[in-house]
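What the coordinates show
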Amino acid sequence: AQKVTQAQTEISVVEKEDVTLDCVYETRDTTYYLFWYKQPPSGELVFLIRRNSFDEQNEISGRYSWNFQKSTSSFNFTITASQVVDSAVYFCALSEAGYGGSQGNLIFGKGTKLSVKP
Amino acid sequence: GAVVSQHPSWVICKSGTSVKIECRSLDFQATTMFWYRQFPKQSLMLMATSNEGSKATYEQGVEKDKFLINHASLTLSTLTVTSAHPEDSSFYICSAVWAGSYEQYFGPGTRLTVT
């Protein structure tokens, strides 16, 4: 069965601190996709990144970076020099192949609430 | 990028009434649509999967007679909550994909409050 674990329920940091959000996943499939989404108080999900299981390259996008390690089934997310606007709930998610070869449904972790204080 | 809309964005209804939520893919044809539910301060949980041309597949524990899903066309899926009760109050989010796509596009969500 597939599962996503975000062990950190809430994290509070002071602006400009770096923060890492952990994500550990379980799947038996060899082909799968991993995601991070941001959910601000408005509720709308903001897509941050998608990674497929064959691409273990780490990625950096501005202040955001992701560390994908298949050996430990982890896909961690780091925000460098955090800002108040980064305050939100962050979800890690996993999906496998779905209908017609397209993406299947997402299995979400429980989310990590990040509070960045000025 | 592809856009998915939901209507209404929020709705308040009385217990025992039915409410319909629409999910539209605005600039692509969605071969699969997913419906998720998110209770306050909880994660998103899949309710059902709707593939074009077939009946929706419901997750365990989701009453298919209570949550009616219709994938009416390649750009529209509707979720009808029948005989709503306060415990159905939640944030309902749809997402859509097209055949062969590895991208999943989420709607902005509908906040349902049943009084």
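That block above? That's the structure.
Residues numbered from 1 in each chain as written. Chains lettered and ligands numbered in written order. Predicted model: local features only at pLDDT ≥ 70, side-chain atom pairs only at ≥ 80, totals over all residues. Heavy atoms only, no water.

**Some details on the packing of aromatic side chains**
- What the rule picks out here adds up to 21 aromatic pairs over all chains.
- Taken together, a centroid distance of 5.9 Å and an interplanar angle of 70° make the contact between Y37 of chain A and F47 of chain A edge-to-face. Placement of the pair is Y37 of chain A in strand β5 (residues 32-39) and F47 of chain A in strand β6 (residues 46-52), with a sequence separation of 10 residues.
- When its relative accessible area of 39% is taken as the criterion, F47 of chain A is described as partly exposed.
- Residues F108 of chain A and Y36 of chain B carry aromatic rings whose centres are separated by 5.7 Å and whose planes lie at 90° to one another, so their mutual orientation is edge-to-face. Here F108 of chain A, found in strand β11 (residues 107-108), pairs with Y36 of chain B, found in strand β4 (residues 32-38), and the two come from separate chains.
- F108 of chain A gets classed as buried once you look at its relative accessible area, which sits at 8%.
- One aromatic cluster is present, built from ring pairs that chain together F35, Y37, F47, F91 and F108 of chain A together with F34, Y36 and F106 of chain B.
- Above the ring of F67 of chain B, the side-chain terminus of K66 of chain B is found at 5.9 Å from the ring centroid.
- Directly above the ring of F91 of chain B sits R111 of chain B, whose terminal nitrogen or CZ lies 4.3 Å from the centroid. (Phe/Tyr/Trp six-rings, centres within 6.5 Å; stacked < 30°, edge-to-face > 60°. Helix = DSSP H or I, 4+ residues; strand = E, 2+ residues; numbered from the N terminus. Buried < 20%, exposed > 50% of the residue type's maximum accessible area, 1.4 Å probe, protein only. Lys NZ or Arg CZ within 6 Å of the ring centre and 35° of its normal.)

**Concerning the sheet that holds strand β3 (residues 19-25) of chain B**
Residues and elements named next belong to chain B.
- Pairing in this open sheet of 4 strands is antiparallel, and the strands run β1-β3-β8-β7 from one edge to the other. Whereas interior strands pair on both sides, the edge strands pair on one side only; in this sheet they are β1 (4-7) and β7 (67-73). Strand-to-strand, the axes of this sheet are offset by a mean angle of 15°, without reference to chain direction.
- Pairing between β7 and strand β8 (residues 76-81): 5 bridges, direction antiparallel. (Pairing = 2+ DSSP bridges. Axes fitted to C-alpha atoms, helices over the stretch in contact; angles between N-to-C directions.)

**What to know about the state of the cysteines**
- Taken as a whole and assessed by the stated rule, the structure comprises 2 disulfides over all chains.
- A disulfide bridge connects C23 of chain A with C92 of chain A, and the sulfur atoms are separated by 1.9 Å. In this structure the cystine formed by C23 of chain A and C92 of chain A twists about its S-S bond by roughly -65°; its chirality is therefore left-handed. On the criterion of sequence distance, the pair formed by C23 of chain A in the loop between β3 (19-21) and β4 (24-26) and C92 of chain A in strand β10 (residues 88-96) is long-range, its members being 69 residues apart.
- C92 of chain A gets classed as buried once you look at its relative accessible area, which sits at 0%.
- Sulfur-sulfur distance for the disulfide between C23 of chain B and C94 of chain B comes to 2.0 Å. On the S-S bond that ties C23 of chain B to C94 of chain B, the torsion sits near 80°, and the link is right-handed. Note that C23 of chain B is positioned in strand β3 and C94 of chain B in strand β9 (residues 90-97), a separation of 71 residues in sequence. (Disulfide = S-S within 2.5 Å.)

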